[in-house]
Amino acid sequence: MATETPRLPEACAVDAERGTLAKAAGENFPVAPFFLPRDWRTDLMAVYGFARLVDDIGDGDLAPGGADARLLGVPDDRADDRVLMLDAFEEDLHRVFDGTPRHPLLRRLRPTVRRRSLTPAPFLGLIAANRQDQLVRRYETYDDLLAYCELSANPVGHLVLAVTGTATPERIRRSDAVCTALQIVEHLQDVAEDLGRDRIYLPAEDMKRFRVQEADLAAPTANASVRALLAYEARRAHDLLDEGAPLVGSVHGRLRLLLAGFVAGGRAALRAIADADHDVLPGPPKPGKLRLLREAGLALRGEG
């Protein structure tokens, strides 16, 4: 499947790495903020680089030029084959645990895996979610969507708790609620973008309940039925955030600030959606910094 990796100029490899890591600034939640200890920031950015790159492979959002494909040993004429790219990426992931990875983002991840005794399972879950994206483009029920989020979102929380040495069964349960909520919020923001990729993450049973057709999601603006559907799904995400929010109070110090940022990011995004009257079709509503700070304060106080 993968071939011998051709030599790339060092600058190309560095650019591929930096281009992926730079996307951290655009996320709904803080990735590795300045107030964390340096070793945590280093390891969280290594985890983020993996998660961002695997999503970019699955979404076809890799930087032009084919550098990532060549780094993974995929021939130039197969660089658009997302399944092949995910297979090559999984092969390189295994080298993190028993060899020397080809891709610089996975080489960055290797010391983190060793330092924090991370296992392959959460990384493989994220790859599996992106493979599923190539095959499953509609979800019949909310439970089907939750099962997808178990692969696409929850492993990120497991990795954050593992990196910070704070994982317990109860914290993992709360983290799963927060991460699933954040994934659903992202789906709500990106309805139009996802439809452009022939993907719909709004459960089909809910679309039927609110009398929403797929054609309604392709309109320039949302009609009343679409807005009602989005409000319903937003309430579900809000309830999940409320379920997971006690995670913040279960830890101390700077980790508490980080986890408050996760909850605040989700709540602020939901507020932005509500402020747009649940019309996400013109583009994803984004919260301002003041709203994020206010929500972070509420999360730290156990309110919201």
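Parameters and conventions
- Here the residue index of a chain counts from 1 through its sequence in written order.
- Side-chain atom pairs in this predicted model are given and counted only at pLDDT of 80 or more, local residue features only at pLDDT of at least 70, and totals for whole chains, interfaces and linings cover all residues.
- Values shown for side chains rest on all heavy atoms present in the structure; no hydrogens or waters enter the calculation.
- Per the convention used, a helix needs a DSSP run of H or I reaching at least four residues, while a strand needs a run of E reaching at least two, with both numbered from the N terminus.
- In this scheme, a residue with accessible area under 20% of its type's maximum is buried, one over 50% is exposed, and one in between is partly exposed, where area comes from a 1.4 Å probe on protein chains only.
- Within 3.5 Å is the distance limit for a polar contact, defined as a pair of N or O atoms, with the added protein rule that one can donate a hydrogen and the other accept it, and that residues adjacent in sequence qualify only through two side-chain atoms.
- To get an axis, a line is fitted to the C-alpha atoms, and for a helix only the part in contact is used. The angle between two axes follows their N-to-C directions and goes from 0 to 180 degrees.
- For classification purposes, an angle smaller than 35 degrees is called roughly parallel, one larger than 145 roughly antiparallel, one from 65 to 115 roughly perpendicular, and anything else oblique.
- The crossing is said to be left-handed when, going from far helix to near helix, the turn is anticlockwise and less than a right angle, and right-handed when the turn is clockwise.
- Two residues form a contact once any of their heavy atoms are found within 4.5 Å.
- Each Phe, Tyr or Trp ring, with Trp reduced to its six-membered ring, pairs with another whose centre is within 6.5 Å; inter-plane angles below 30 degrees give stacked pairs, above 60 give edge-to-face pairs, and intermediate values give tilted ones.
- The rule for a charge over a ring is simple: NZ of Lys or CZ of Arg within 6 Å of the ring centre, and within 35 degrees of the ring normal.
- Think of a nonpolar core as a cluster: buried Ala, Val, Leu, Ile, Met, Phe, Trp, Tyr and Cys residues, connected wherever their side-chain atoms sit within 4.5 Å.
- Salt bridge criterion: a side-chain nitrogen from Lys or Arg within 4 Å of a carboxyl oxygen from Asp or Glu.
- Picture the helix axis, draw a direction to every C-beta atom, and the arc is the one those directions span.
- For every residue, the predictor reports its confidence as pLDDT, a number between 0 and 100.
- Under the convention adopted here, Pro, Cys and the residues Ala, Val, Leu, Ile, Met, Phe, Trp and Tyr are nonpolar, Asp, Glu, Lys and Arg are charged, and Gly plus all remaining residues are polar.
- Here, a disulfide means two cysteine sulfur atoms that sit within 2.5 Å of each other.

Draft legend 1. Just the side chain of Asp206, in detail. Here Asp206 lies in helix α11 (residues 204-209). Of the residues examined, Asp206 reaches a relative accessible area of 3% and is grouped as buried. One polar contact links Asp206 to Arg236, side chain to side chain, over a distance of 2.8 Å.

Draft legend 2. Main features of the packing of helix α8 (residues 154-163) against helix α9 (residues 169-189). Two elements in contact, α8 and α9, have axes whose closest approach is 8 Å; the angle formed by their N-to-C orientations is 135°. It follows that α8 is oblique to α9 by the angle criterion. Read as a crossing pair, α8 and α9 show a hand that is right-handed. Residues Asn154, Gly157, His158 and Leu161 of α8 lie in contact with α9, whose contacting residues are Arg171, Ile172, Ser175, Asp176, Cys179 and Thr180.

Draft legend 3. Quick look at the environment of Leu300. Here Leu300 lies in helix α16 (residues 289-300). Classification of Leu300 as partly exposed rests on a relative accessible area of 26%. The spatial distance from the C-alpha of Leu300 to the C-alpha of Ala181 is 18 Å, given a sequence separation of 119 residues.

Draft legend 4. Up close: the packing of aromatic side chains. Enumeration according to the criterion identifies 8 aromatic pairs in this entry. An angle of 80° between the planes, with centres 5.0 Å apart, marks the rings of Phe50 and Phe123 as edge-to-face. Placement of the pair is Phe50 in helix α2 (residues 38-59) and Phe123 in helix α6 (residues 121-135), with a sequence separation of 73 residues. An aromatic cluster is present here, built from Phe50, Phe89, Phe97 and Phe123 joined pairwise through their rings. Across the ring face of Tyr232, the terminal group of Arg209 is positioned such that the distance to the ring centre comes to 4.6 Å.

Draft legend 5. Up close: the nonpolar core. By size, the foremost hydrophobic cluster in this structure holds 82 residues, and its most contacted members are Phe50, Phe89, Leu202 and Leu217. Broken down by element, this core gets its largest block of residues, 11 residues, from α2.

Draft legend 6. A look at unusual backbone geometry. The phi dihedral of Ser117 falls on the positive side, at around 55°, and the residue is not glycine. Mapped onto the elements, Ser117 comes out in the loop between α5 (104-116) and α6.

Draft legend 7. Local environment of the pattern of salt bridges. Tallying each qualifying case throughout the model produces 29 salt bridges. For Arg174, the salt bridge goes to Glu170, with nearest N and O atoms at 3.0 Å. Pair noted here: Arg174 and Glu170 are both in helix α9, with a separation of 4 residues, about one helical turn. Close ionic contact of Asp206 with Arg236 constitutes a salt bridge, the shortest N to O distance being 2.8 Å. With Asp206 in helix α11 and Arg236 in helix α13 (residues 224-244), this pair connects stretches of sequence that are 30 residues apart. Each member of the pair, Asp206 as well as Arg236, carries the same accessibility label: buried. When salt bridges with common partners are traced through the structure, they connect Asp39, Asp43, Arg115 and Arg116 into a single cluster.

Draft legend 8. View of helix α7 (residues 142-152). Within α7, burial applies to Tyr142, Leu145, Tyr148, Cys149 and Ser152. For α7, the angular spread of the buried residues around the axis is 115°, confining them to a single face. Turned more than 90 degrees from where α7 packs its buried face, Asp143 and Glu150 sit exposed. Taken together, the buried residues of α7 touch α6, α8, α9, α11 and α13.

Draft legend 9. Spatial organisation of the confidence of the model for the protein chain. The predicted model of the protein chain averages 93 in pLDDT, with 94% of residues at 70 or higher. Here residues 1-5 is a poorly scored stretch, pLDDT under 50, and it has 16 contacts once near neighbours within four places are set aside; other chains count.

Draft legend 10. Seen up close, the packing of helix α4 (residues 82-98) against α5. Where α4 meets α5, the axes come as close as 9 Å, and the angle between the chain directions of the two elements is 40°. The two elements α4 and α5 meet at a crossing, and its hand is right-handed. Seen from α4, the contacting residues are Phe89, Asp92, Leu93, Arg95, Val96 and Phe97; seen from α5, they are Leu106, Leu109, Arg110 and Val113. Residues that form the contact of α4 with α5 fall into these classes: 7 nonpolar, no polar and 3 charged.

Draft legend 11. Representation of the state of the cysteines within the structure. The final tally for this structure, using the stated rule, is 0 disulfides. The closest cysteine sulfur to the non-disulfide-bonded Cys149 is located on Cys179, 9.8 Å from its own sulfur. For Cys149, a relative accessible area of 0% corresponds to the buried category. We classify Cys179 as buried; its relative accessible area is 13%.

Draft legend 12. Representation of the side chain of Arg267 in the model. Tracing the backbone shows Arg267 in helix α15 (residues 253-275). Here Arg267 is in contact with Leu241, Asp242, Ala245, Glu295, Ala299, Glu303 and Gly304, once residues within four sequence places are set aside.

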